[in-house]
Amino acid sequence: MTTTTAMTITPTAARVVDAVKVYGSGDTSVRALDGVSVDFPVGRFTAIMGPSGSGKSTLMHCAAGLDTLTSGTAHIGDTELSSLDDRRLTLLRRDRVGFVFQSFNLVPTLTVTENITLPLDLAGGKGDREWVDALIDVVGLRDRLHHRPSELSGGQQQRVAVARAFAGQPDVVFADEPTGNLDSRSGGEVLGLLGRTVRQTARTVVMVTHDPVAAAHADEVVFLADGRLVDRMESPTADKVLDRMKAFEVPS
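Analysis parameters
- Residues numbered from 1 in each chain as written.
- Predicted model: local features only at pLDDT ≥ 70, side-chain atom pairs only at ≥ 80, totals over all residues.
- Heavy atoms only, no water.
- Helix = DSSP H or I, 4+ residues; strand = E, 2+ residues; numbered from the N terminus.
- Polar contact = N/O pair within 3.5 Å; in protein donor to acceptor, adjacent residues only side chain to side chain.
- Contact = heavy atoms within 4.5 Å.
- Phe/Tyr/Trp six-rings, centres within 6.5 Å; stacked < 30°, edge-to-face > 60°.
- Buried < 20%, exposed > 50% of the residue type's maximum accessible area, 1.4 Å probe, protein only.
- Lys NZ or Arg CZ within 6 Å of the ring centre and 35° of its normal.
- Pairing = 2+ DSSP bridges.
- Axes fitted to C-alpha atoms, helices over the stretch in contact; angles between N-to-C directions.

**Topic: the side chain of His 75**
With respect to the helices and strands, the residue His 75 is situated in strand β4 (residues 71-76). A distance of 2.9 Å separates polar atoms of two side chains, one belonging to His 75 and the other to Thr 73. With residues near it in sequence (within four places) discarded, His 75 still touches Ala 13, Ala 14, Arg 15, Val 17, Glu 80 and Leu 81.

Shown next, in the form of structure tokens:
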């Protein structure tokens, strides 16, 4: 009698397959991504790192549907992005993807509550208000709900941005250098918040960063160099990430 052992396959929130992105043409063309295949598992916090010009922001933008691939495919869940027209791609980004940017991108005339619920309001008021209420406690903003962005510190503004990104219960949140405009203490708080939100809500975060300390908050780091995926590191520490990054440095 033959026994078959069942394998548990972790579903992916987002992935790219054989991703190529070329900017320009002819002699001036730049191959920002050169055949990258990488998956971002559900319920995990993944950091993307690499030297300047390695393709990390391009990878994030293409995986999130903010930019199109020259060849290869990008998927959110089981949906292949190039199969969608502009309208359906816009709806997918609205309903299934969240974003956190370096510059916060809050609406200055809106209160904290209004900024957090903005994606839901733009979608016609749909969404789970109990989820949003619980999210306010996760990000620690209960006593700031009626404040406007100008009345908040940078760290508090970025916490609003994180809450807004998760408000619609997206499949995946993409964070592009989310601590780039913050001091180390506020940055650490925001990174800890992203990690807690992943663990407490089983959501997925993909973060581009150049900072080994920031990357150490992730469950896994993927490394790019010259548009290619060159390494992956589970359970990263700042020292291990820094050592790996030093290998990319060209001796002067």
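**Here's the deal with the packing of aromatic side chains**
Enumeration over the complete set of coordinates arrives at two aromatic pairs. Plain terms: the ring middles of Phe 99 and Phe 101 are 5.8 Å apart, the flat faces sit at 10° to each other, and that makes the pair stacked. Measuring from centroid to centroid gives 6.4 Å for Phe 99 and Phe 174, while their planes differ by 25°, and the two rings are stacked. Remark: Phe 174 occurs in strand β7 (residues 172-176) and Phe 99 occurs in strand β6 (residues 97-101); sequence separation between them is 75 residues. Look at Phe 99 and you get buried, because its relative accessible area is 16%. Exposure remark for Phe 174: the relative accessible area of 0% places this residue in the buried category. Arg 244 extends its terminal NZ or CZ atom over the ring of Phe 223, reaching a point 5.8 Å from the ring centre.

**Notes on the sheet that holds strand β10 (residues 228-234)**
The strand order across the open sheet formed by six strands is β6-β7-β8-β3-β9-β10, and the pairing between neighbours is mixed. Across the chains shown, the open sheet's two edge strands, defined by having one partner strand only, are β6 and β10. Adjacent strand axes in the sheet meet at a mean angle of 20° when their direction is disregarded. Pairing between strand β3 (residues 45-49) and strand β9 (residues 220-225): four bridges, direction parallel. If you follow Ala 47 over to β9, its bridge partner there is Val 221.

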